[in-house]
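Spelled out, the chains give:
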Amino acid sequence: MPQPVTFLPDAERILSRQQGLLSTRQCEEFGVTRQTRCRLVQQGRWRRPVRGVYDTDPVPLGSRVRDDWFTHAARWRTWLALLSHGPDAVAVGAAALVLHDVQGLPADFEPEVAMPDGSRRVSRFGTLRQYRPFPTLRVGDREVARLDHALAQALPVLPRESALAVLDDVARRLGMTPDRLATVHDLLRGRPGAKRVHALFPLVDARSESPAESAARLSCHDNGVPPDDLQARFVIDGTVVARVDFVWRLPDGRWLVVEVDGVGPHSTARALVRDAPRQNRLLASGRVIVLRFKPADNARPGGIGRQVAAVLRRHDWHPAAYPAPTTPIDLTPPAAPASRRSGMDSP
């Protein structure tokens with residue numbers, strides 16, 4: 001039986017950070033000789049995705065089963081690009097966003113790296129860029145473009161929905177204030193492809209809780225039906241019974257609620273058990289219409305916004321006809337008149 005390859009704790013930490021990838025240089029440092037590496041690849045226990053880089057997981061990336069697959073895949077692709085270009089390669093653009101732990105990138109993003117001397121080399125994986133000088137910081141043992149510059153590098157080449165998801169995420173989780181976002185906006189000026197990104201900045205909302213929500217909200221804006229409010233709360237008898245993704249106030253006083261289910265808050269078994277009675281209470285009030293969508297619904301022609309717009313048109317809804325609610329929306333039924341509560345006829 002083949003003996004497993006064992007690593008010291010320091011090497012295990014590097015393996016974990018690099019999603020199981022090792023460069024030839026690192027293998028030599030950890031005592032894994034060329035002969036051993038060749039044997040492991042021949043036995044199918046390791047793979048060599050590109051020259052100079054080994055994957056200690058023999059299962060191809062697309063066939064791996066893990067709860068954090070999307071995060072793992074993004075980091076795997078980023079590290080493969082960095083390791084294939086050598087220890088001096090700098091993470092830029094989307095690759096830098098991955099190492100800054102930014103969410104919202106598409107699964108097939110192109111990892112970008114740059115060389116500190118600006119040299120051009122044959123790219124083994126990813127794209128080699130020659131950006132003008134930009135500030136960097138250390139993330140682990142790697143130089144990474146500073147977050148504001150990484151955003152300016154990545155946003156022009158991302159799909160619009162991914163660009164908004166990234167901006168929403170940095171606003172919500174990474175402390176990107178309006179002033180810092182304005183700096184990113186300035187850094188974008190003059191870059192190829194930046195023009196289409198400028199219109200997204202007014203739509204940035206730190207209340208968006210997932211890339212799927214950001215994409216759905218952008219689709220609603222594109223279809224002329226921007227939500228009246230996000231993460232709105234409904235109360236009955238003083239108790240919050242639901243917090244929903246998007247709401248629109250209808251002319252007849254009812255509310256249209258849209259929920260975007262997917263990987264995240266609505267996807268776990270516990271969430272499904274909780275969401276059903278919550279939705280039932282909303283519907284039982286007689287004052288709420290609920291639409292539920294999957295992230296994949298946004299890929300249809302017109303996206304989620306087209307389907308929402310069709311419903312709103314039937315109810316004669318108009319944008320900005322009502323102010324966004326500043327307090328929880330109260331669905332408590334009105335109290336019955338005193339005569340009815342006592343069982344007596346009105347005089």
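Described in the following lines is the structure provided in the data block.

The rules behind the values
Residues numbered from 1 in each chain as written. Predicted model: local features only at pLDDT ≥ 70, side-chain atom pairs only at ≥ 80, totals over all residues. Heavy atoms only, no water. Helix = DSSP H or I, 4+ residues; strand = E, 2+ residues; numbered from the N terminus. Buried < 20%, exposed > 50% of the residue type's maximum accessible area, 1.4 Å probe, protein only. Contact = heavy atoms within 4.5 Å. Areas by Shrake-Rupley, 256 points an atom, 1.4 Å probe, with all protein chains shown as cover. Pairing = 2+ DSSP bridges. Axes fitted to C-alpha atoms, helices over the stretch in contact; angles between N-to-C directions. Salt bridge = Lys/Arg side-chain N within 4 Å of Asp/Glu carboxyl O. Phe/Tyr/Trp six-rings, centres within 6.5 Å; stacked < 30°, edge-to-face > 60°. Lys NZ or Arg CZ within 6 Å of the ring centre and 35° of its normal. Arc of directions from axis to C-beta. Parallel < 35°, antiparallel > 145°, perpendicular 65-115°, else oblique. Left-handed = near helix turned anticlockwise from the far one by under 90°. Nonpolar A, V, L, I, M, F, W, Y, C, P; charged D, E, K, R; others polar.

### A short note on the overall build of the protein chain
1) Next: Looking only at helices and strands, one finds 13 helices and 13 strands in the protein chain.
2) Next: Burial status across the protein chain gives 45% buried among its 347 residues.
3) Next: A fraction of 59% describes how many contacts in the protein chain between residues 6 or more apart in sequence connect residues 24 or more apart.
4) Next: Carbon and sulfur atoms provide 53% of the accessible area of the protein chain, an area that totals close to 18,300 Å².

### Describing the sheet that holds strand β11 (residues 255-260)
1) Next: The 5 strands lie next to each other as β12-β11-β10-β9-β13, forming an open sheet whose pairing is mixed. Looking at the sheet topology across the chains shown, the edges are occupied by β12 (288-293) and β13 (329-330).
2) Next: By the bridge criterion, 6 bridges tie β11 to β12 in an arrangement that is parallel. In the strand pairing of β12, Val257 is matched with Val290.
3) Next: Contacts between helix α10 (residues 211-222) and the sheet are confined to β9 (229-236), β10 (239-249) and β11, with β10 contributing the most and set at about 40° to the helix.

### As for the sheet that holds strand β2 (residues 47-50)
1) Next: Across the sheet, which stays open at both edges, the 3 strands sit in the order β1-β3-β2 with antiparallel pairing between neighbours. In this open sheet, the two strands that pair with only one neighbour each are β1 (21-23) and β2. Strand-to-strand twist in this sheet, taken as the mean axis angle between neighbours without regard to direction, amounts to 35°.
2) Next: Inspection of the sheet shows β2 paired to strand β3 (residues 53-55) by 2 bridges, in the antiparallel sense. Each bridged residue has a counterpart across the sheet, and for Arg47 the counterpart in β3 is Asp55.

### A few points about the pattern of salt bridges
1) Next: For the coordinates displayed, the defined rule picks out 25 salt bridges.
2) Next: Asp186 is the salt-bridge partner of Arg189, the closest N and O atoms lying 3.2 Å from each other.
3) Next: The class of Arg189 is partly exposed, set by a relative accessible area of 47%.
4) Next: Given a relative accessible area of 47%, Asp186 falls into the partly exposed group.
5) Next: One salt-bridge network, in which partners are shared between bridges, spans Arg75, Asp101, Asp169, Arg172 and Arg173.

### Considering the packing of aromatic side chains
Remark: the centre distance and the inter-plane angle together describe each pair of aromatic rings, the angle taken between the planes.
1) Next: Applying the stated rule across the entire model yields 5 aromatic pairs.
2) Next: Taking 6.1 Å as the distance between ring centres and 50° as the angle between the ring planes, the aromatic pair formed by Trp46 and Tyr54 counts as tilted.
3) Next: Between Trp69 and Phe70, the ring centres sit 5.2 Å apart and the planes meet at 85°, which makes this aromatic pair edge-to-face.
4) Next: The residue whose ring lies beneath Arg77 is Phe109, and the NZ or CZ to ring-centre distance is 5.3 Å.

### A short note on helix α8 (residues 178-188)
1) Next: Regarding α8, the residues found buried are Leu181, Val184, His185 and Leu188. An end-on view of α8 places all buried positions within 105° of arc, on one side of the element.
2) Next: Taken together, the buried residues of α8 touch α6 (147-154), α7 (160-173) and α9 (195-198).
3) Next: Gly190 lies just past α8 and shows a positive phi near 90°.

### Focus: the packing of α10 against helix α12 (residues 303-314)
The relative placement of two packed helices comes down to the angle between their axes together with the axis-to-axis distance.
1) Next: Put simply, α10 and α12 touch, their axes get as near as 6 Å, and they point 55° apart. One finds that α10 runs oblique with respect to α12. In the crossing of α10 with α12, the sense of the turn from one axis to the other is right-handed. Counted together, Ala216, Ser219 and Cys220 of α10 and Gly303, Ile304, Gly305, Arg306 and Val308 of α12 form the full contact between these two elements.
2) Next: Taken together, the residues that form the contact of α10 with α12 break down as 4 nonpolar, 3 polar and 1 charged.

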